[in-house]
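For reference, the chains in residue letters:
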Amino acid sequence: MKVLLRSPRQELDVEGPTRVGDLVTSLGFHRDAVLVIVDGRLVTDDVRLPDDATVEIRRVISGGAV
Amino acid sequence: MARRCRVCKGAPVIDLRQHNAAFCEEHFLRFCRTQVSKTIEKHTMFDHDDRLLVAVSGGKDSLALWDILLELGYNTEGLVIGLGIGDYSSQSTQTARRFARERRLVLHEVDLEAEHGFTIPGAVAGSSRVPCSACGLSKRHLFDRVAREHGFDVVVTGHNLDDEAAVLFGNVLRWQTDYLARQQPVLPAGDGFPRKAKPLVRLGERETAAWCVLRGIDYVLDECPMAEGNNHLAFKDALNALEERTPGTKQDFYLGFLRQGFEHFAPPDAEVSARAALAACTSCGAPTAGERCPFCRLRDNAARESTPIELGRKDH
Ligand code: SF4
Ligand SMILES: [Zn+2]
Ligand SMILES: [Zn+2]
């Protein structure tokens, strides 16, 4: 399946099917640091993604130290 | 078994491991509003008669904050500051403008370069100053100033639970007791400074981002390039590693500090009132302990740095 990462923009090919939570951790993200979006909708960790899915993993951590 | 919304058992859009709960869209949005109104009330931050100045950066936190405050019926106007950090700053201003325009809100703007003759990258070039410290100082100064000039009762910022937990972590690692004594979600007005409030301290940044996605709020996804590699990000990462193992760690750490830790660092009232009286900055009139306030010193140094005569000063 196609995995889209934002800032910096990056596209990865990952073999499916897999669960959202597993995909996130297998790519080395902490689950609290990202949101996963499929077809414009948020999905929870237990959702199974088919091999032909297109998935956006969006980091939610901002850097400002004020 | 698939997770279900804690409230209605419908299909969930988000799971919040720290609350051991999942929510559908409607009940997640309600959960966020409740967390914010609870925070506002618990810390008596402001009420519906107060005029609020929302510090807006175009990022997920400040836009979610403004949106939630509007939903809760507060009287708000926004302020965006042009920091001069390349594309990031222009995106930030444009996004804030669009948000305000679409909702017919009042957005104040201050541009550092046009109005004060310097940018954040310019102010730190050739010095060992950390960009975020120069930037934070400038933002606080300008929020205060606009609030004073326009008669706002309180400046509200979008600091979230992750921000506060990371700052607390940093302050504890270095035992910065003076900072710990001031790390509160609301700071009263005084000495010519307006009240400051952080109504999002019970929401994590994953929640503020989800709020924006679900509400169709277009926010700046790109990170400020000057944040790269700073300690704040490293602290967040460390806390998220702990959170991964034990959901709820960040919340317990920060809310536990407010409940049980803070009182050990807060100065006694007598000490607060005995604090050195502030005078007006000779250059801009802002209250300050020195002759010129830190913002004016930063600006004047930046002006000096940008004259090309001085050489050999890259000593960091
Ligand atoms: S990351 Fe630092 S430099 Fe960038 S906007 Fe935030 S405080 Fe300013
Ligand atoms: Zn529900
Ligand atoms: Zn000044």
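Just so you know, these numbers come straight off a predicted model, no measurement behind them. (Residues numbered from 1 in each chain as written. Chains lettered and ligands numbered in written order. Predicted model: local features only at pLDDT ≥ 70, side-chain atom pairs only at ≥ 80, totals over all residues. Heavy atoms only, no water.)

Considering the overall build of chain A
Phase 1: Counting secondary structure elements, chain A contains one helix and seven strands.
Phase 2: Counting from the amino terminus, helix and strand elements in chain A follow one another as β-β-β-α-β-β-β-β.
Phase 3: Rg of the C-alpha trace for chain A: 12 Å, near the compact-globule value of 11 Å for 66 residues, within the 12% margin.
Phase 4: With respect to the three principal axes, the spread of C-alpha positions in chain A is 40 × 20 × 20 Å.
Phase 5: In chain A, buried positions account for 50% of the 66 residues.
Phase 6: Here the contacts in chain A between residues at least 6 apart in sequence split such that 55% fall between residues at least 24 apart.
Phase 7: Entry remark: accessible area of chain A is about 3,300 Å², with carbon and sulfur atoms responsible for 44%.
Phase 8: Where the 9 positive side-chain charges of chain A centre and where its 11 negative ones centre are 6 Å apart. (Helix = DSSP H or I, 4+ residues; strand = E, 2+ residues; numbered from the N terminus. Rg over C-alpha atoms; globule rule 2.2 N^0.38 Å. Buried < 20%, exposed > 50% of the residue type's maximum accessible area, 1.4 Å probe, protein only. Contact = heavy atoms within 4.5 Å. Areas by Shrake-Rupley, 256 points an atom, 1.4 Å probe, with all protein chains shown as cover. Lys, Arg positive; Asp, Glu negative; His and termini not counted. Charge placed at Lys NZ, Arg CZ, Asp CG, Glu CD.)

What to know about the pattern of salt bridges
In a structure, side chains of opposite charge can pair up when their charged atoms sit close to one another.
Phase 1: One pass over the structure, following the stated rule, counts 24 salt bridges over all chains.
Phase 2: The shortest N-O distance in the salt bridge between R31 of chain A and D45 of chain A comes to 3.7 Å. One end of the pair, R31 of chain A, is in the loop between α1 (20-26) and β4 (34-38); the other, D45 of chain A, is in the loop between β5 (41-42) and β6 (48-49), with 14 residues separating them in the sequence.
Phase 3: Note on R31 of chain A: relative accessible area 23%, which makes it partly exposed.
Phase 4: In this structure, the salt-bridge partner of E56 of chain A is R58 of chain A, at a minimum N-O distance of 2.9 Å. In this structure, E56 of chain A and R58 of chain A share a single accessibility class: buried.
Phase 5: Each of K60, D61, D163, E205 and K236 of chain B takes part in a single network of salt bridges with overlapping partners. (Salt bridge = Lys/Arg side-chain N within 4 Å of Asp/Glu carboxyl O.)

Quick look at the nonpolar core
General note: in soluble globular proteins, nonpolar side chains tend to be found buried as a group.
All names here are of chain B.
Phase 1: Among the nonpolar cores identified, the biggest contains 51 residues, and F28, F46, L69 and V156 are the most heavily contacted of them.
Phase 2: Look past the residues within four positions of V156 in its chain and what remains in contact with it is F46, L52, L53, V54, A55, L65, L69, A197 and P199.
Phase 3: Among the nonpolar cores identified, the runner-up in size contains 28 residues, and I81, A134, V155 and A302 belong to it. (Core = buried A, V, L, I, M, F, W, Y, C linked by side-chain atoms within 4.5 Å.)

Digging into the sheet that holds strand β4 (residues 75-82) of chain B
All names here are of chain B.
Phase 1: What the six strands build is an open sheet, ordered β5-β4-β3-β6-β8-β7; its pairing is mixed. Edge positions in the sheet fall to β5 (107-111) and β7 (186-187), since each has one partner strand and no second.
Phase 2: One ladder, built from five bridges, connects β4 with β5; its direction is parallel. Along β5, the bridge assignment pairs I81 with V110.
Phase 3: Of the strands in this sheet, β3 (51-56), β4, β5 and β6 (154-156) are in contact with helix α2 (residues 60-71), which crosses β3 at around 155°.
Phase 4: On top of the sheet, helix α6 (residues 131-150) reaches β3, β4, β5, β6 and β8 (195-197); it is set at about 140° to β4, its chief contact. (Pairing = 2+ DSSP bridges. Axes fitted to C-alpha atoms, helices over the stretch in contact; angles between N-to-C directions.)

Observations regarding the pairing of strand β2 (residues 10-13) of chain A
All names here are of chain A.
Phase 1: Across four bridges, the pairing between strand β1 (residues 2-5) and β2 is antiparallel. The residue bridging V3 from the neighbouring strand is L12, located in β2.
Phase 2: Counting the residues between successive antiparallel strands, the hairpin from β1 to β2 contains four residues, one of them, S7, with a positive phi of roughly 30°.

Comments concerning the coordination of the zinc ion (ligand 3)
Residue and element names in this part refer to chain B.
Phase 1: Coordination of the zinc ion (ligand 3) by the protein comes from C281 (SG), C284 (SG), C293 (SG) and C296 (SG), over a distance range of 2.3 Å.
Phase 2: Donor residues binding the zinc ion (ligand 3) come from one chain and are separated in sequence as C-x2-C-x8-C-x2-C. Here C293 lies in the loop between β10 (287-288) and α13 (294-305) and C281 lies in the loop between β9 (279-280) and β10, a separation of 12 residues in the sequence. (Donors = N, O, S within 2.8 Å, 3.2 Å for Na, K, Ca; no water.)

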